Amino acid sequence: MDQLIVKRFFSILAGMVVLWAGGFILFLSKLPPPTTATPAPTEQIGADGVVVFTGGGGIRISTAMALFADGAGQRLLISGVHPDTSAARLSEFWVGPKERFDCCVDLGRAALTTEGNAAELRDWAVSHNYKNIILVTSEYHMPRALAVTRARMPDAAITPFPVSSGYLNAKGGPASAGAVLPLAGEYTKFLLARIKAVLPVAGR
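Residues numbered from 1 in each chain as written. Predicted model: local features only at pLDDT ≥ 70, side-chain atom pairs only at ≥ 80, totals over all residues. Heavy atoms only, no water.

Visitor: Got a minute to help me understand the state of the cysteines in this structure?
Guide: Formally, a disulfide is one covalent bond, and it connects the sulfur atom of one cysteine to the sulfur atom of another. Evaluation of the coordinates by the stated rule reveals 1 disulfide. Shown here is the disulfide that connects cysteine 103 with cysteine 104, its sulfur atoms set 2.2 Å apart. Linking cysteine 103 and cysteine 104, the disulfide has an S-S dihedral of approximately -75° and is accordingly described as left-handed. With a relative accessible area of 43%, cysteine 103 lands in the partly exposed category. (Disulfide = S-S within 2.5 Å. Buried < 20%, exposed > 50% of the residue type's maximum accessible area, 1.4 Å probe, protein only.)

In structure tokens, the structure reads:
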């Protein structure tokens, strides 16, 4: 009897591994390619604001700043800014008019996780009555970022603007052996985020 239970356990475990692996491959195949085209100015694309979830070695922030400097959105939220990072330090990456940075770039310092980013974005959007948001983050992080954000802001229009993480090659597979672990970890977090998104407490 004990041997039968053990066999069933390992059979179930093996099946879960196969399902996870198949889902991981599908996840990679569905990742959006990095966006290279610059959106039209806000009056053409209808965006109220631009938000970037920090991380990715700074490319996310520099991309979001470039979008905003080019006229996308009325305000820019940089969510998840480290407490030791000043506005003056971030302004060194700014390429637009100084007055646009000074008046309209908001630094969110409370978020420590993607869930925190989404909550920070929701509060910011509500305070400005924004309904149309351009979301900037890495391509491999975008599915989870969208799932978490849309769970908290179901009535908002979220336009993804994915940037390259360096983890993926031109064919959409891992760029190196070292990229497999962060990609696999992100896929697992994405699965958990999808589960949370359908729970009654999601979005609170």
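Visitor: Explain the sheet that holds strand E5 (residues 157-163) to me, please; I cannot follow it from the model alone.
Guide: Strand-to-strand pairing in sheets goes through backbone hydrogen bonds, with the strands running parallel or antiparallel. The sheet built from 5 strands is open, its strands ordered E3-E2-E1-E4-E5 with parallel pairing. A single partner strand is all that each edge strand has here, and the edge strands are strand E3 (105-108) and E5. If you compare each strand with its neighbour and ignore which way they point, the axes differ by 20° on average. Examined bridge by bridge, strand E4 (residues 132-138) and E5 share 7 bridges and lie parallel to one another. When the sheet's bridge partners are listed, isoleucine 133 is paired in E5 with isoleucine 158. Taken strand by strand, helix H3 (residues 59-69) contacts strand E1 (49-53), strand E2 (75-79), E3, E4 and E5, and its axis lies near 150° from that of E4. Packing of helix H6 (residues 114-128) onto the sheet brings it into contact with E1, E2, E3 and E4, and relative to E2 it is tilted by some 155°. (Pairing = 2+ DSSP bridges. Helix = DSSP H or I, 4+ residues; strand = E, 2+ residues; numbered from the N terminus. Axes fitted to C-alpha atoms, helices over the stretch in contact; angles between N-to-C directions. Contact = heavy atoms within 4.5 Å.)

Visitor: Would you mind showing me how to read the packing of aromatic side chains here?
Guide: Each aromatic ring pair is characterised by the separation of its centres together with the angle its planes make. Summed over the entire model, instances satisfying the criterion amount to 9 aromatic pairs. For the ring pair tryptophan 20 and phenylalanine 24, a centre distance of 5.2 Å and an interplane angle of 25° mean the geometry is stacked. Here the residue tryptophan 20 and the residue phenylalanine 24 both occupy positions in helix H1 (residues 2-30), the gap between them amounting to 4 residues, near one helical turn. For tryptophan 20, a relative accessible area of 31% corresponds to the partly exposed category. Among the residues examined, phenylalanine 24 registers a relative accessible area of 11% and is labelled buried. Note on phenylalanine 24 and tyrosine 187: the rings are 5.8 Å apart at their centroids and 40° apart in plane angle, and the pair reads as tilted. Taken together, the residues phenylalanine 24 in helix H1 and tyrosine 187 in helix H8 (residues 177-197) connect sequence positions 163 residues apart. Judged by relative accessible area, tyrosine 187 falls into the buried class, the value being 6%. Through a chain of ring-to-ring contacts, the aromatic side chains of Trp20, Phe24, Phe27, Tyr187 and Phe190 assemble into a single cluster. Above the face of the phenylalanine 68 ring, arginine 100 is positioned so that its terminal group lies 3.7 Å from the ring centre. (Phe/Tyr/Trp six-rings, centres within 6.5 Å; stacked < 30°, edge-to-face > 60°. Lys NZ or Arg CZ within 6 Å of the ring centre and 35° of its normal.)

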